[in-house]
Amino acid sequence: MPHVLAEIIYQAAKLLAEGRPVTVLPDEEMLSTQAAADILNVSRQYLVRLVDAGELPAEMVGSHRRLRATDVAAFKADRDAKRNAALDRLTSLSEDVDGYALGNKPR
């Protein structure tokens, strides 16, 4: 078995063991707006707004929008990184004001 395939299987098994969903798609896979919305865990309407605002690239195939799996994955990774940075900053700010100290409930 090629090392790359073994690594993919290992990572998928690790995520599944944590109870997290796993999706395997070819990089060149073209997704419908509903499939992309499902991957991002957003509504299809919100995804269409992201596409129309130019935040997520898409191609028109007839009257339907199609998104590359790699673009959806990159958008998700960027969004998740921004969320994690914001949560880290919020945690840091809360620690600075002893927000996690026991017995320090605001009144």
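Everything numeric here is computed off the predicted structure, so don't read it as measured data.

**Student:** Help me understand the packing of helix 2 (residues 33–40) against helix 3 (residues 44–52) in this model?
**Tutor:** Relative placement of two packed helices is described by the angle separating their axes and the distance separating the axes. One way to put it is that helix 2 packs onto helix 3 with a least axis distance of 9 Å and a crossing angle of 100 degrees. Considering their axes alone, helix 2 and helix 3 lie roughly perpendicular with respect to each other. Within the contact between the two elements, helix 2 uses T33, Q34, A36, A37 and L40 and helix 3 uses R44, L47 and V48. Counted by class, the contact of helix 2 with helix 3 contains 5 nonpolar, 2 polar and 1 charged residues.

**Student:** Looking at this structure, I do not really get the packing of helix 2 against helix 4 (residues 69–96). What am I missing?
**Tutor:** Close contact between helix 2 and helix 4 brings their axes to 10 Å; oriented N to C, the two are set at 30 degrees. When the axes of helix 2 and helix 4 are compared, the pair comes out roughly parallel. You can see that helix 2 and helix 4 cross each other, and the crossing is right-handed. Contacts between helix 2 and helix 4 pair A36, I39 and L40 from the former with V72, F75, K76 and R79 from the latter. Here the contact of helix 2 with helix 4 is composed, by residue class, of 5 nonpolar, no polar and 2 charged.

**Student:** Just to check I follow, could you spell out the sheet that holds strand 3 (residues 64–68) for this structure?
**Tutor:** What holds strands together in a sheet is hydrogen bonding between their backbones, with the strands either parallel or antiparallel. Across the sheet, 3 strands lie side by side as 1-3-2; this open sheet has antiparallel pairing. The two strands at the open ends of the sheet, each matched to only one other strand, are strand 1 (30–32) and strand 2 (59–61). Within the sheet, the average angular offset between the axes of one strand and its neighbour, ignoring direction, is 45 degrees.

**Student:** How do you make sense of helix 3 when you look at a structure like this?
**Tutor:** Along an α-helix, residues three or four positions apart point the same way, because every turn accommodates 3.6 residues. Along helix 3, the residues classified as buried are L47, V48, L50 and V51. Down the axis of helix 3, the buried side of the element spans an arc of 155 degrees, and every buried residue falls inside it. Turned more than 90 degrees away from the buried face of helix 3, the exposed residues are R49 and D52. Along its buried surface, helix 3 packs onto helix 2, strand 3 and helix 4.

**Student:** What should I look at first to understand the layout of surface pockets in this one?
**Tutor:** Where empty space is left becomes clear once a probe the size of a water molecule has been rolled over the atoms. One number sums up the size of the largest pocket: a volume of about 830 Å³. Considering the residues around the largest pocket, the lining is formed by 24 residues, among which P21, V22, T23, I39 and K76 are closest to the centre. A per-element tally of the lining of the largest pocket places helix 4 first, with 8 residues. Residues belonging to the lining of the largest pocket are distributed by class as follows: 13 nonpolar, 4 polar and 7 charged.

**Student:** Quick question: what am I supposed to make of helix 2 here?
**Tutor:** For helix 2, the full list of buried residues reads T33, A36, A37 and L40. Down the axis of helix 2, the buried set is contained in an arc of 100 degrees. They therefore lie on one face. For helix 2, the secondary structure elements touched by its buried residues are strand 1, helix 3, strand 3 and helix 4. At the C-terminal side of helix 2, N41 shows a positive phi close to 60 degrees.

Reading the values: the criteria
- Residues numbered from 1 in each chain as written.
- Predicted model: local features only at pLDDT ≥ 70, side-chain atom pairs only at ≥ 80, totals over all residues.
- Heavy atoms only, no water.
- Axes fitted to C-alpha atoms, helices over the stretch in contact; angles between N-to-C directions.
- Helix = DSSP H or I, 4+ residues; strand = E, 2+ residues; numbered from the N terminus.
- Parallel < 35°, antiparallel > 145°, perpendicular 65-115°, else oblique.
- Contact = heavy atoms within 4.5 Å.
- Nonpolar A, V, L, I, M, F, W, Y, C, P; charged D, E, K, R; others polar.
- Left-handed = near helix turned anticlockwise from the far one by under 90°.
- Pairing = 2+ DSSP bridges.
- Buried < 20%, exposed > 50% of the residue type's maximum accessible area, 1.4 Å probe, protein only.
- Arc of directions from axis to C-beta.
- 1 Å grid on protein atoms, 1.4 Å probe; cavity = no way out; pocket = protein on both sides within 12 Å on 5 of 7 lines; lining within 4 Å.
- Points joined across faces, edges and corners; volume = space filled by probe spheres on them.

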